[in-house]
Amino acid sequence: MVNITLGSVQGLGPKPVVALQHTVYLASKEQHNWVSSALSEHFQDICTNKMANPLKSEVVRLYKTLLFLGREYPKGPDYFRDRLRAAFTKNRDVKDPEEIRQLLSRGEYVVKELEALYYLRKYRAMKKRYYDAE
């Protein structure tokens with residue numbers, strides 16, 4: 001954690017102090033202004049990145065769900081995992097929340113289609129086992 005304090009430090013008088021892993025004593029006002037602006041830009045970047053991706057948890061949940069469903073994919077889990085990774089990588093730079101929501105809805109549609117595919121496959125296997133071939 002970074003603390004910026006103004007006050008006297010061990011008899012050095014009122015000087016701005018930045019505490020990172022160790023304490024840095026700044027002698028001039030120019031150094032203080034530079035450090036303050038750099039830190040404020042850094043913290044704005046951190047806050048912006050956290051606030052820019054409120055849908056990140058939904059994207060991760062969708063990826064994990066698809067990865068789990070891909071274990072039973074007819075062409076094999078490796079084929080499915082590679083295609084899934086390529087699809088998510090292709091859209092990794094999307095920042096617009098509305099576009100992310102559209103992509104999430106498309107992903108949810110794919111989840112439903114995969115579940116229907118697996119259900120149909122299991123139904124056909126059970127029908128083949130228990131009913132006579134006509």
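Let me sum up the structure you'll find in this document.

The next thing to look at is the nonpolar core. If you look at the biggest cluster of nonpolar residues, it comprises 12 residues: Leu55, Leu62, Leu66, Leu69, Phe80, Leu84, Val94, Ile100, Leu104, Val111, Leu114 and Tyr118. In terms of residue count, the dominant contributor to this core is helix H4 (residues 97-130) (5 residues). Once you skip the residues sitting within four places of it in the chain, Leu62 turns out to touch Phe88, Leu104, Gly107, Glu108 and Val111.

Next up on the list: the environment of Leu69. Mapped onto the secondary structure, Leu69 falls in helix H2 (residues 56-69). By relative accessible area, Leu69 is classed as buried at 11%. The spatial distance from the C-alpha of Leu69 to the C-alpha of Phe80 is 9.3 Å, given a sequence separation of 11 residues. Beyond its immediate stretch of four places on either side in the chain, Leu69 contacts Val111, Leu114, Glu115 and Tyr118.

Across all of its chains, the model carries 3 aromatic pairs by this definition. Look at Tyr63 and Phe88: their rings are 4.9 Å apart centre to centre, the planes differ by 80 degrees, and that puts the pair in the edge-to-face class. Residue Tyr63 is located in helix H2, and its partner Phe88 is located in helix H3 (residues 77-90); the two are separated by 25 residues in the primary sequence. What links up through ring pairs into an aromatic cluster is the set Tyr73, Tyr79 and Phe80.

This next bit is on H4. The terminal C-alpha atoms of H4 lie 49 Å apart, and with 34 residues this matches the ideal 50 Å at 1.5 Å per residue to within 8%. Of the residues making up H4, those classed as buried are Ile100, Leu104, Gly107, Val111, Leu114 and Tyr118.

Another aspect to go through is the packing of H2 against H3. Viewed as axis vectors pointing N to C, H2 and H3 meet at an angle of 160 degrees, and their least axial separation amounts to 10 Å. Taken together, the axis directions place H2 and H3 in an arrangement best described as roughly antiparallel. Of the two elements, H2 crosses H3, and the hand of that crossing is right-handed. Between H2 and H3, the residues in contact are Val59, Leu62, Tyr63, Leu66 and Leu67 and Phe80, Arg81, Leu84, Arg85 and Phe88, respectively.

Moving on to a nonpolar patch on the surface. Where nonpolar side chains cluster on the molecular surface, the patch consists of Tyr119, Leu120 and Tyr123 and spans about 360 Å² of accessible area. Looking at where Tyr123 falls in the secondary structure, it is placed in helix H4.

What follows is about the environment of Leu55. If you trace the backbone, Leu55 turns up in the loop between helix H1 (29-52) and H2. The buried category is assigned to Leu55, whose relative accessible area is 9%. C-alpha of Leu55 to C-alpha of Arg101: the two residues are 46 residues apart in sequence and 8.0 Å apart in space. Leaving out residues up to four positions away in the same chain, Leu55 has contacts with Pro97, Ile100, Arg101 and Leu104.

The next thing to look at is the pattern of salt bridges. Counted by the stated rule, this structure contains 3 salt bridges. Arg61 is the salt-bridge partner of Glu108, the closest N and O atoms lying 3.3 Å from each other. Of the two residues, Glu108 is situated in helix H4 and Arg61 in helix H2; the sequence distance between them amounts to 47 residues. Look at Glu108 and you get partly exposed, because its relative accessible area is 27%.

About the criteria used
Residues numbered from 1 in each chain as written. Predicted model: local features only at pLDDT ≥ 70, side-chain atom pairs only at ≥ 80, totals over all residues. Heavy atoms only, no water. Core = buried A, V, L, I, M, F, W, Y, C linked by side-chain atoms within 4.5 Å. Buried < 20%, exposed > 50% of the residue type's maximum accessible area, 1.4 Å probe, protein only. Helix = DSSP H or I, 4+ residues; strand = E, 2+ residues; numbered from the N terminus. Contact = heavy atoms within 4.5 Å. Phe/Tyr/Trp six-rings, centres within 6.5 Å; stacked < 30°, edge-to-face > 60°. Expected span 1.5 Å × (residues − 1). Axes fitted to C-alpha atoms, helices over the stretch in contact; angles between N-to-C directions. Parallel < 35°, antiparallel > 145°, perpendicular 65-115°, else oblique. Left-handed = near helix turned anticlockwise from the far one by under 90°. Patch = residues over 30% accessible without salt bridge, like charges linked within 9 Å, V, L, I, M, F, W, Y side chains within 5 Å. Areas by Shrake-Rupley, 256 points an atom, 1.4 Å probe, with all protein chains shown as cover. Salt bridge = Lys/Arg side-chain N within 4 Å of Asp/Glu carboxyl O.

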